Each structure stands twice: as C-alpha cells, then as structure tokens.
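So the chains spell out like this:
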Amino acid sequence: MPQDFAEYMVYHNRKLFASQYRPRPFCYDIRRTSNHSPEGTLSVNQDLVGTAQPEPIATIVSHADYSHPMTFPINAAANVTFNGDRYLHAYLAHTFSGSSASQLTLSAQARQFSSMLVMVGTISSATSFEPKYACVVQNKDELNIPLELSTIPTPKEFKDAIESLSPEQQRFAKAFRAMQLASTLFGVLVIQIKPALEKVLNLPEDALTKEIRLTQDLMDLFITYQIPTDLLSFDEATVAATGGDAQARINGVKSHVAAMHEMIGAAKAKEVAEAEEKYKFENPEMALRSETLSMNLMEARGGGLERGGFPADASWGSEKVKKKMVNARTRGFGGGGGGGRGGPPPPAPGGVMFKGAPPPPAPAAAPLLSSVASARRAPAPKPTQLQQQPLQQELAKPTAATPETQQPAQQATHQQVGDEAAAAHGSGVRDYTAIPALIDARMEQFDEDSCLRPTIITPSNTWIKKTKKGLLADFTNEVMRGDEQKTEKDKAMDLLDALTKSGAIPVENASLHIMMAATHTFDKTVVETVVRDNVSPIEKVERSTLILAQTVHDLAPAALIEPSQLERATAASPRLFE
C-alpha cells in the first residue's frame, strides 16, 4: 500500500506542477556536449517491491549552466577550481506506520572505452566542495553506493524540546542543530577525464576521442606511476619544426609515452635481475640445483651443449661433471653451506642423475620463480636521478613557458537567512549552505502538522563495484569497504593532481549535483489515516512538496503549479498561498 501511494504521488505531481517545474528522474548522461556520445550515466535509484530493476527517484531540480567557480582540496597544499553545470535537487520521502523509506543507491556507470571521476562529499561553503570519497569509473565499470537516510526532529519538536533549557544550553543546542542541517546537503561531483587530459597535454579539443590506446596508457602512467605531465605533454617549442597541427601533437605525446614505457620496462627488468642475483646469493644450494636441472633439460633437448665449462660428451653422473659442479659452487658461492670445500653437491631427489635419465621434479626452483614473479607484480619504484638522466636528456627539451592559470581567490560569503531573494542569490552567488536553514524556517511556518523532517543522506560503509577485466570477460563484483575505498580515493586524487598540475589548471568539464532530502512521516497506516483520522495524505504530501519546490526554484508556489490546480491547492493549503 505505501508503494502504491508513492506511485500515485508521482502521477499527482505531473498534474500539479507546470511542465518546467515538474519533478524529474535523477538520471543524467555525462557528456561533453550534445554532439558527443555520453561517457556514462549518473543516477540515484530506489528499490521497489515487485520490480526487477531499480528505478530513478524523482526530484525537484533547479539547473544552472554556470553560476560561479568552486573549489575542492586534493591534498593539504592544493585546491582545484572547477566550473560546469550545477544541479540543486530536493527529494521528498514519506513513511507510514510499519513502513520505512525506500532504499536509495547512487549509481555511476561508464561506457566502454570511456572514463570519468566521481567524487562524493558535502558542500562546506558557497564556493567550496568537500570530497569524502572518490573513485575512477571506466570501461563499463558500475559503482553502486547505498545511501542511508536518517531524520532529525522537526522545527516544532526541536523548539519544544529546548524550551525549558537555560539560554546557554539553548545556544549550544541551536549550534548543534545548525551543524545537522548543514549535513543535509549531499554533493556528487563528476569530472570528465578526456577533456582534462587534452588540456594538460597541450592537445586540441577532441584529440583523444579516437585515441583509445593512448588514453589508457596515459591514465595508467598517471595513476600507477605518478608520472609528471611535463614529461608527456607536447612541447610548444617544437611547433615550428613539427607544424603544431593536431596529428603532430598526438605523435609527440605518443613518442613521450613510448619512451616512458621503455624506461619503466628497463627498470622492471633490472629489478627482476637483482632479485634473481639476491636469491642466488642467499640460497646457493637451491640456485645450484636449479642450474643443474636447467642444464639437464637443455642436454635432453639438444645433447651437445657446453655450458659453464662442462664438456658436451660428459655424462651427468661422471666424476668430471661432479668436480666441475663443486668447483663452480666453491667459486660462485663461497664454498657452500655445511659441505666444505670438497663436499659434493646435494643429491637431487630420487638419487644421482645419469645421462639420459628423465629430469626430476623441480620444487626447489619454486622459491626463485615466486621471488621473480612477485618482483614482476610489484610496481616499479620511482627511478633515481641517474636512471632519469638519459630520459630527461631525450624528453626535457627546451619548452616555451606557458602561463599558469591563476587560481581565483574565492572567499565564502555566508548570507543570513532573511528574505528569500537575499538568501537564494545574494550578490550573484547562490549560497547553497543557506538553503537548509531556509527550508527549516519554512517548515516551521507552513508545516502545520509538524510531520516534515529534515533528512541527512550519508553513503553506506559497503559499496559494490562491477568491473570487466576484458572485452569478453564477465562482470565481477568487488565489495569495497574502508581500505578499498581509501585506495580508490588515493588513485583518483593522484590522477587529479596530474590533470590539474596540483591545482594550477581549472577543471571545466564537470557537473555538481547537490541533493537535500526531507521525510514526511505519518503516525498511522494509509488506511487508518484516511478512514480513522479522516485525513487525505495526498494533500499533506502535496504541501510538503510545495515547501521544497518554492525553496529550490526561489518562486512563489502559485508560479510553480498549473493554473487549473491553483484553486484546489489554495483550498488545501491556504497559509502557503497567502
């Protein structure tokens, strides 16, 4: 029954509001322009009983193409300025006795060969966003973050609760409630990666749209190895020699990427060789046995191979070979361990090997292979100054000094909650942090039943990320908790640090979604509310919806609804239309 009522309210709001102010599904394509294919989608879904697929929630939304620059920190020393679309959403939930609000999930999906960066946090001031979590979503990844809704007392309940307190206690309680109201602003920032890559690498717009392999290599270098962008960007000083057209710029970046991969490959090979030498030095017995097995296999395949000074016609069980092996062991490993200078090498499993005998199993080589494999899996450390010198001589050619974009000094201007125009717009900058207090004041003024509660939205501690390891692979679910979430945030911040040169370059292709929620609670079930209390829950929820809508759009309720609905709505909520 509560779900049937929720479905009816969606239908009712379509008839109530004018077309430009109707609640819209929270589902948005992430794209550069209307001429570009989407990079992915961002949505807030709710699980409905009896439906296989979750559906986007309907929110009252106000959209601004560009309002003012905002900033967010990527570390303690750098802030990033971002522009782009701004969306202010208001979501109204309603609960009856014995039921709870729908489970909400923030979902971010990327298309194949596409990528975006998703950040979740709060709005700390009129010009700043505070990210709490961040994740890179790419190549058909699907990130699902469950959202938890928690209500706080209504304005009337809070006022009654502190009425008997002392003035000092009341000031403390009001300050704490102000903090709770500020936390009702839930923010999601989506940043498109390809436009930022093109800007920081001195490439023309759309240059990376069809360069799929190059884009993937660049992201891997930035995220995995934290390579500075100056080593990969196109050199403006070579414009005269190369012509400076789009293809020449792309070829220049490709050559830098190839040189960087060559250096990283050489560093990895050196680490593997060092790991092998270290293992041989620390485990001479095992290393000698591995060498013996290798020579035995090579003789079984080729027969006449001379290696390490062994005669090609000598049998493996002869005294000549044994003496040669002991001498090699004494010279290479300092006399071995426990065997003395003249002691024979340890026998292989199964007894002494003879020429033509089948090779024994090689469990002793496992530690060596394991050490080498772990060295290959480990990321290469940052190269030393001596290792970087040849690459810098090749890549670090004289470049023209490019003017760094100055980060605008934004100063938050918190406006007092007074008249609606001043609270909403101020001096051309809409202070989103003033909206919760404004809604709280309107709840106290127009919510006669004291049933509309401010609601705090917080991400759950457990996320689910669906990924595909390859084009033909199946989706795998990865459960992300505290450590995994921190790892993903670190990767995203490393990428942002590279894309913005530690905040020197602003981000243009970004979209910020600010969402606030409220819950209309009924003490009885739907039937009891209608039959026993003789109350229409439709009119009560309609009034709460109009309270949120007039704050989001900064318009009087009469301007938001269809003219044909004005008379009926005025009769149901006369104080709201005074």
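Residues numbered from 1 in each chain as written. Predicted model: local features only at pLDDT ≥ 70, side-chain atom pairs only at ≥ 80, totals over all residues. Heavy atoms only, no water.

Participant: Any details on the overall build of the protein chain? Residues and values, ideally.
Facilitator: A tally of helices and strands in the protein chain yields 18 helices and 17 strands. Residues counted as buried form 45% of the 578 residues belonging to the protein chain. Taking all contacts inside the protein chain whose residues are at least 6 apart in sequence as the whole, residues at least 24 apart take part in 72%. Roughly 29400 Å² of accessible area belongs to the protein chain as shown, and the carbon and sulfur atoms make up 53% of that amount. (Helix = DSSP H or I, 4+ residues; strand = E, 2+ residues; numbered from the N terminus. Buried < 20%, exposed > 50% of the residue type's maximum accessible area, 1.4 Å probe, protein only. Contact = heavy atoms within 4.5 Å. Areas by Shrake-Rupley, 256 points an atom, 1.4 Å probe, with all protein chains shown as cover.)

Participant: Talk me through the pattern of salt bridges; I want residue IDs and the actual numbers.
Facilitator: Tallying each qualifying case throughout the model produces 22 salt bridges. Salt-bridge contacts for Asp-141 lead to Lys-465; the nearest nitrogen and oxygen are separated by 4.0 Å. Note that Asp-141 is positioned in the loop between strand S11 (128-138) and strand S12 (142-151) and Lys-465 in strand S15 (residues 463-468), a separation of 324 residues in sequence. Judged by its relative accessible area of 8%, Asp-141 is buried. The salt bridge involving Lys-199 is made with Glu-508; its shortest N-O contact spans 4.0 Å. (Salt bridge = Lys/Arg side-chain N within 4 Å of Asp/Glu carboxyl O.)

Participant: Explain helix H1 (residues 2-16) to me, using residue names and the numbers behind them.
Facilitator: Its 15 residues give H1 an end-to-end C-alpha distance of 20 Å, which sits within 8% of 21 Å, the value for a rise of 1.5 Å per residue. All buried positions along H1 are accounted for by Phe-5, Met-9, His-12, Asn-13 and Leu-16. Viewed end-on, H1 has its buried residues packed into an arc of 100 degrees, placing them on one side of the element. (Expected span 1.5 Å × (residues − 1). Arc of directions from axis to C-beta.)

Participant: Can you tell me about the packing of aromatic side chains, naming the residues and giving the values?
Facilitator: Note on aromatic pairs: each is described by the distance of the centres and the angle between the planes. Scanning the entire structure with this criterion turns up 7 aromatic pairs. Taken together, a centroid distance of 5.8 Å and an interplanar angle of 55 degrees make the contact between Tyr-8 and Tyr-11 tilted. Here the residue Tyr-8 and the residue Tyr-11 both occupy positions in helix H1, the gap between them amounting to 3 residues, near one helical turn. Owing to a relative accessible area of 30%, Tyr-8 belongs among the partly exposed residues under this scheme. Residue classification places Tyr-11 among the partly exposed residues on the basis of a relative accessible area of 38%. Counting every residue linked through ring pairs, the aromatic cluster contains Phe-5, Phe-96 and Phe-522. One cation-aromatic arrangement involves Lys-468 over Phe-475; the distance from NZ or CZ to the ring centre is 5.4 Å. (Phe/Tyr/Trp six-rings, centres within 6.5 Å; stacked < 30°, edge-to-face > 60°. Lys NZ or Arg CZ within 6 Å of the ring centre and 35° of its normal.)

Participant: An account of the nonpolar core is requested, with residue identities and associated values reported.
Facilitator: In terms of nonpolar packing, the biggest core is built from 82 residues, with Phe-72 and Met-119 touching the most fellow members. In this structure Met-119 touches Phe-72, Phe-129, Pro-131, Tyr-133, Ala-134, Gly-187, Val-188, Leu-189, Ile-191, Met-493 and Leu-496, once residues within four positions along its chain are discounted. Counting residues in hydrophobic clusters, the runner-up holds 30 residues, among them Tyr-28, Ile-30, Leu-106 and Leu-147. (Core = buried A, V, L, I, M, F, W, Y, C linked by side-chain atoms within 4.5 Å.)

Participant: How would you sum up the confidence of the model for the protein chain? Please name residues and give values.
Facilitator: Averaged over every residue, the pLDDT of the protein chain is 80; the share at 70 or more is 76%. Counting interchain partners and residues more than four positions distant, the pLDDT-below-50 stretch residues 304-317 has 29 contacts. A low-confidence stretch, residues 328-427 (pLDDT under 50), is modelled with 138 contacts involving residues beyond four sequence positions or located in other chains. (pLDDT = per-residue confidence, 0-100.)

Participant: Pulling in residues and values, what's your account of the environment of Leu-495?
Facilitator: Relative to the assigned elements, Leu-495 resides in helix H14 (residues 482-500). On the basis of relative accessibility, which here comes to 0%, the residue Leu-495 falls in the buried class. Residues Leu-495 and Leu-197, 298 residues apart in the sequence, show an inter-C-alpha distance of 9.9 Å. The contact partners of Leu-495, leaving out residues within four places of it in the chain, are Leu-117, Val-136, Ile-193, Met-219, Phe-222 and Ile-223.

Participant: Please give an account of a nonpolar patch on the surface that cites residues and values.
Facilitator: On the surface, a cluster of nonpolar side chains totalling about 430 Å² of accessible area is made up of Phe-113, Ile-212, Leu-471 and Leu-472. Along the chain, Leu-471 turns up in the loop between S15 and strand S16 (475-480). By relative accessible area, Leu-471 is classed as exposed at 55%. (Patch = residues over 30% accessible without salt bridge, like charges linked within 9 Å, V, L, I, M, F, W, Y side chains within 5 Å.)

Participant: Kindly report on the pairing of S15, identifying the contributing residues and their values.
Facilitator: A one-sided burial pattern is seen for S15, the buried positions being Trp-463, Lys-465 and Thr-467 and the unburied ones Ile-464, Lys-466 and Lys-468. The pairing of S12 with S15 spans 3 bridges and is classified as antiparallel. Directly across from Leu-143, in S15, lies its bridge partner Lys-465. Looking at chain direction, S15 and S16 are connected through 6 bridges and run antiparallel. (Pairing = 2+ DSSP bridges.)

Participant: Describe the pairing of strand S6 (residues 70-73), naming the residues involved and giving the relevant values.
Facilitator: Two strands pair when backbone bridges link them, and S6 and strand S7 (residues 79-82) are joined in this way by 4 bridges, in the antiparallel orientation. Residue Met-70 lies in a different strand from S7, and its bridge partner there is Phe-82. The antiparallel hairpin formed by S6 and S7 contains 5 residues in its connecting segment.

Participant: Could you give an account of the packing of helix H4 (residues 193-200) against helix H5 (residues 212-224), naming the residues involved and the relevant values?
Facilitator: Contact geometry for H4 and H5: axes closest at 12 Å, N-to-C directions at 80 degrees. Here H4 is positioned roughly perpendicular relative to H5, judged by the angle of their axes. Taking contact as the criterion, the partners of Ile-193, Lys-194 and Leu-197 in H4 are, on H5, Thr-215, Met-219 and Phe-222. (Axes fitted to C-alpha atoms, helices over the stretch in contact; angles between N-to-C directions. Parallel < 35°, antiparallel > 145°, perpendicular 65-115°, else oblique.)

Participant: An account of the environment of Glu-211 is requested, with residue identities and associated values reported.
Facilitator: Position of Glu-211 among the secondary structure elements: in the loop between H4 and H5. A relative accessible area of 18% means that Glu-211 is categorised as buried. Each C-alpha atom of the pair Glu-211 and Phe-113 lies 9.8 Å from the other, and the pair is 98 residues apart in sequence.

Participant: Now, about the side chain of Thr-467: what can you tell me, with residues and values included?
Facilitator: Along the chain, the position of Thr-467 falls in strand S15. Among the residues examined, Thr-467 registers a relative accessible area of 10% and is labelled buried. Once you skip the residues sitting within four places of it in the chain, Thr-467 turns out to touch Asp-141, Asp-474, Phe-475 and Thr-476.

Participant: Now, about the packing of H5 against helix H7 (residues 246-282): what can you tell me, with residues and values included?
Facilitator: Two numbers describe how H5 lies on H7: the axes approach to 11 Å, and their chain directions differ by 50 degrees. By the angle between their directions, the pair H5 and H7 is classed as oblique. In this structure, H5 meets H7 at a crossing whose hand is left-handed. Contacts from Leu-214, Asp-217, Leu-218 and Leu-221 in H5 reach Ile-250, Val-253, Lys-254, Val-257, Met-260, His-261 and Ile-264 in H7. Class assignment for the residues of the contact of H5 with H7 results in 8 nonpolar, 1 polar and 2 charged. (Left-handed = near helix turned anticlockwise from the far one by under 90°. Nonpolar A, V, L, I, M, F, W, Y, C, P; charged D, E, K, R; others polar.)

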